Amino acid sequence: MVLLHVLFEHAAGYALFAVREVEEISLLLPQVEESVLTVGKFHNVVKLAAFAPFKSAQSALENINAVSEGILHEDLRLLLETSMPAKKKKALLGVADAKIGAAILEELGYQCQTGGVVAEILRGIRLHFHALVKGLTAQSASKAQLGLGHSYSRAKVKFNVNRVDNMIIQSISLLDQLDKDINTFSMRVREWYGYHFPELIKIVSENYTYCRLAKFIGNRKELSEESLEGLEEIVMDGAKAQAILEASRSSMGMDISPLDLINIESFSSRVISLSEYRKGLQEYLRSKMSQVAPSLSALIGEVVGARLISHAGSLTNLAKYPASTVQILGAEKALFRALKTRGNTPKYGLIFHSTFIGRAAAKNKGRISRYLANKCTIASRIDCFSEVPTSVFGDKLREQVEERLAFYETGEPPRKNLEVMKEAVAEASEVVAEVKRKQEKKEKKRKKREKQRLEALAAAAEEENDTEPKKKKKKKKQQQELEAASEPEENGLEEEEALPKQKRKATVEADEEEEEKKKKKKRRKEKVRDSEED
């Protein structure tokens, strides 16, 4: 008889339950499924065989990470080796995840089962876990789940801040939105200001320059020779500036009120500020791409590389894609339409915006797009999985694409991939060594600063400790002086200055001796007087 055991992973630890001898078919009946909801009836189905609690929160996090990745952790191995039956052929282990089941079968040799009756049993265990394990309350179980959930989520989100591709996805999306908005707003400015100065539209075609000119000129009738220098500064062309000036003198446009002109100038200012912000955002995107995906940006450009990452969802997803998927990424509609109508499938998607495909001849566009997609996949994988990302591989891959283009045009054979990659590896190792050396230097400086700061704090603490006894001594001295000042008043010497104890004692003794001498003198005088009277 095959004994079924069920493994349950909880935030508190691993639990192994032995399923009593029941028919598998009967367990799937609706009445039996309802009985899972009551603890008493469920006790007749399962029995706790072993429970291995996690030692710490860190241990729980390590185990849950291993389970999610389908890796057999040492704690789980120990539990299964000690608690499962010795005869592996007669033992069947029910698990929730097929990946961990495959890992257990490969390493320990236990047959694993997922779904069906195992899923129903696990549902019941999940519901009544705190009742099945002695010493575990529902409150402590929920606290463990909450703590582990937070730490697991934090560990998943927490990685190198400088290599976050989410910022690239948001930046490229915002850049596309800004392009649309600036284009719409510029057309509005052209239409609005065109009523007053229609000739300017033909002279200046660029939106940003047109908005700057609309703001600078204002009322065309006020334009004079003095304004020529300002016009030249905006259009960067003397002949064009002169043409604007001449057109303003013989314009067919209608007159415009000052209030309308104020509104046009205000709107032009907004469009100008948006265009300037777009330039800043593009610089930010360029710097982010050089940090996150330097090889990809060196090969295909920052904007196209960012679009590929955004469309894939992340750099990791892009690295997982095969070259055939990268080639048509962004052309999904055309692909499915072609499959539906049995027409020609698209040759390129987002990578069409690369300069390489535009430079290739019509007959070679498909070939170069396939080759470029292949190199993009290699570059994205290097960027995603290298510890210190560098643009060396990207530059070498770009050279290869250039050589392939030249081969299609002139027939000059390109270098072999092996030679190029050997060169790239040699250069990359030098660059990585240099970067690591700089990082170590930076770390040493940081440690030195930290040490100096700690020393300064320790010195300040010592100074405070030294000044405290001095203050105490000073206080004690002041107290003694006060006591000394109060004692003479008690002895009846109010007008006398406060003296030290020894001096005060000496003065008291001297006073007593003088009094004694006076008394003796008085007695002598009395004796002499008595004798004279006799």
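This structure is a prediction, so every number in the text was calculated from the model and none was measured.

1. Structural notes on the overall build of the protein chain
- The number of helices and strands found in the protein chain is 24 helices and five strands.
- Each of the 534 residues in the protein chain was classed as buried or not, and the buried ones make up 35%.
- Counted over contacts in the protein chain with a minimum sequence separation of 6, partners at least 24 positions apart contribute 66%.

2. Points about a nonpolar patch on the surface
- Residues Trp192, Tyr195 and Met254 make up a contiguous nonpolar surface patch of about 330 Å² in total accessible area.
- When you line up the elements, tyrosine 195 lands in the loop between helix 9 (166-194) and helix 10 (199-203).

3. Some details on helix 7 (residues 117-132)
- Taking 1.5 Å as the rise per residue, helix 7 with 16 residues should run 22 Å; its terminal C-alpha atoms sit only 19 Å apart, a clear shortfall.
- Along helix 7, the sharpest change in direction is near 50 degrees and occurs at arginine 126.
- Restricting attention to buried positions, one finds in helix 7 the residues Val117, Val118, Glu120, Ile121, Leu122, Gly124, Ile125, His128, Phe129 and Leu132.

4. Overview of the pairing of strand 2 (residues 13-19)
- Across the seven residues of strand 2, six count as buried, placing the element largely inside the fold.
- Alignment of strand 1 (residues 3-9) against strand 2, held across five bridges, turns out to be antiparallel. Residue pairing for strand 2: phenylalanine 8 is matched across the bridge by alanine 15.
- Linking strand 1 back to strand 2 in an antiparallel pair, the connection comprises three residues.
- In the sheet, strand 2 pairs with strand 3 (residues 46-53) via seven bridges, with the strands oriented antiparallel. Residue pairing for strand 3: tyrosine 14 is matched across the bridge by alanine 52.

5. Here's the deal with the nonpolar core
- Counting residues in each nonpolar core, the largest one holds 46 residues, and the members touching the most others are Leu296, Leu299, Ile300, Ile309, Leu318 and Leu372.
- If one sorts the elements of this core by residue count, helix 21 (residues 365-385) sits on top with seven residues.
- In this view, isoleucine 300 contacts Gly305, Leu308, Ile351, Ser354, Leu372, Cys376 and Arg398; residues no more than four positions away in its chain are not counted.
- Ranked by size, the runner-up nonpolar core spans 25 residues in total, among them Tyr210, Leu231, Ala247 and Ile256.

6. Let's talk about the packing of helix 12 (residues 228-235) against helix 13 (residues 238-249)
- Running from N to C, helix 12 and helix 13 cross one another at 125 degrees; their axes reach a closest spacing of 8 Å. It follows that helix 12 is oblique to helix 13 by the angle criterion. For the element pair helix 12 and helix 13, the recorded crossing hand is right-handed. Taking contact as the criterion, the partners of Leu228, Leu231, Glu232 and Val235 in helix 12 are, on helix 13, Gly238, Lys240, Ala241, Gln242, Ile244 and Leu245.
- Of the residues that constitute the contact of helix 12 with helix 13, the class distribution is six nonpolar, two polar and two charged.

7. Topic: unusual backbone geometry
- One non-glycine residue, methionine 236, lies in positive phi territory at about 60 degrees.
- Residue placement: methionine 236 occurs in the loop between helix 12 and helix 13.
- Residue arginine 342 is not a glycine yet carries a positive backbone phi of 60 degrees.

8. Digging into the packing of aromatic side chains
- Counted by the stated rule, this structure contains 10 aromatic pairs.
- Ring centres of tyrosine 14 and phenylalanine 54 lie 5.2 Å apart, and the angle between their planes is 75 degrees; on these two criteria the pair is classed as edge-to-face. Here tyrosine 14 is found in strand 2, whereas its partner phenylalanine 54 is found in the loop between strand 3 and helix 4 (57-68), with 40 residues between them in sequence.
- Aromatic side chains tryptophan 192 and phenylalanine 267 sit 6.4 Å apart centroid to centroid with 50 degrees between the ring planes, which places their arrangement in the tilted category. Linking tryptophan 192 in helix 9 with phenylalanine 267 in helix 14 (residues 258-292), this pair joins segments that are 75 residues apart in sequence.

9. Description of helix 5 (residues 74-83)
- Those residues of helix 5 not exposed but buried are Leu76, Arg77, Leu79 and Leu80. Angularly, the buried residues of helix 5 cover 165 degrees about the axis, an arc narrow enough to put them on a single face. When the buried face of helix 5 is taken as reference, the exposed residues oriented beyond 90 degrees from it are Glu74, Leu78 and Thr82.
- Buried-residue contacts for helix 5 involve strand 1, strand 2, strand 3, strand 4 (91-94) and helix 6 (98-107).

10. Topic: the pattern of salt bridges
- For the structure shown, the criterion picks out 19 salt bridges.
- Its salt-bridge partner being arginine 77, residue glutamate 74 comes within 3.6 Å of it at the nearest N-O pair. Taken together, the residues span about one helical turn, with glutamate 74 and arginine 77 both in helix 5 at a distance of three residues.
- A residue is classified by how much of its surface remains accessible, and glutamate 74, at 52% relative accessible area, is exposed.
- Among the charged side chains, a network of salt bridges with common partners joins Lys396, Glu399, Glu403, Arg415, Glu423 and Glu427.

11. Points about the side chain of serine 297
- Assignment of secondary structure puts serine 297 in helix 15 (residues 294-300).
- With a relative accessible area of 10%, serine 297 lands in the buried category.
- A polar side-chain atom of serine 297 sits 3.0 Å from the main-chain carbonyl oxygen of proline 294.
- Filtering out sequence-adjacent residues up to four positions away, serine 297 remains in contact with Met289, Ser290 and Glu302.

12. Side note on the side chain of aspartate 165
- With respect to the element layout, aspartate 165 can be found in the loop between helix 8 (138-157) and helix 9.
- By relative accessible area, aspartate 165 is classed as buried at 10%.
- Leave out the neighbours within four places in its chain, and aspartate 165 touches Val292, Ile309, Ser314, Leu315 and Thr316.

Cut-off values and rules
Position labels on residues start from 1 in each chain and follow its written sequence. This being a predicted model, a pLDDT of at least 70 is required before a residue's local features are given, and a value of 80 or more before pairs of side-chain atoms are given or counted; all residues contribute to the totals for chains, interfaces and linings. The basis for the side-chain values is all heavy atoms of the structure; hydrogens and waters are excluded. A run of DSSP states H or I qualifies as a helix once it reaches four residues; a run of E qualifies as a strand once it reaches two. Both are numbered from the N-terminal end. Exposure categories follow from relative accessible area, calculated using a 1.4 Å probe and restricted to protein chains: below 20% of the type maximum is buried, above 50% is exposed, and the middle band is partly exposed. It only takes one pair of heavy atoms within 4.5 Å for two residues to be counted as in contact. Candidates for patches are residues over 30% relative accessible area with no salt bridge; among them, like charges are joined within 9 Å and nonpolar side chains (Val, Leu, Ile, Met, Phe, Trp, Tyr) within 5 Å. The Shrake-Rupley method, run with a 1.4 Å probe, gives the accessible areas here. Residue values count only the displayed protein chains as cover. The working definition used for a salt bridge is a side-chain nitrogen of Lys or Arg within 4 Å of a carboxyl oxygen of Asp or Glu. Given the number of residues in a helix, its expected span is that number minus one, multiplied by 1.5 Å. The angle separating two fitted axes, one through the seven residues that finish at a residue and one through the seven that start at it, defines the bend at that residue. Two strands make a pair as long as DSSP finds a minimum of two bridges between them. In these notes, a set of buried Ala, Val, Leu, Ile, Met, Phe, Trp, Tyr and Cys residues joined through side-chain atoms within 4.5 Å is what counts as a nonpolar core. Interaxial angles span 0 to 180 degrees and are taken between N-to-C directions of axes, which are lines fitted to C-alpha atoms, for helices over the stretch in contact. Any angle that falls under 35 degrees is termed roughly parallel, while one over 145 is termed roughly antiparallel, one within 65 to 115 roughly perpendicular, and all others oblique. Note: crossing handedness is left-handed where the near helix turns anticlockwise from the far helix by less than a right angle, and right-handed where it turns clockwise. Think of it as three bins: nonpolar holds Ala, Val, Leu, Ile, Met, Phe, Trp, Tyr, Cys and Pro, charged holds Asp, Glu, Lys and Arg, and polar takes everything else, Gly as well. Ring geometry is summarised as follows: Phe, Tyr and Trp rings, the Trp one being its six-membered ring, pair when their centres sit within 6.5 Å, and such pairs are stacked at plane angles under 30 degrees, edge-to-face over 60 and tilted between the two. Think of the arc as the fan of directions from the helix axis to the C-beta atoms. What qualifies as a polar contact is a pair of N or O atoms within 3.5 Å, subject to a donor-acceptor requirement within protein and to the restriction that residues adjacent in sequence count only when both atoms come from side chains.

Such coordinate-based values are descriptive only and should not be taken to indicate function.
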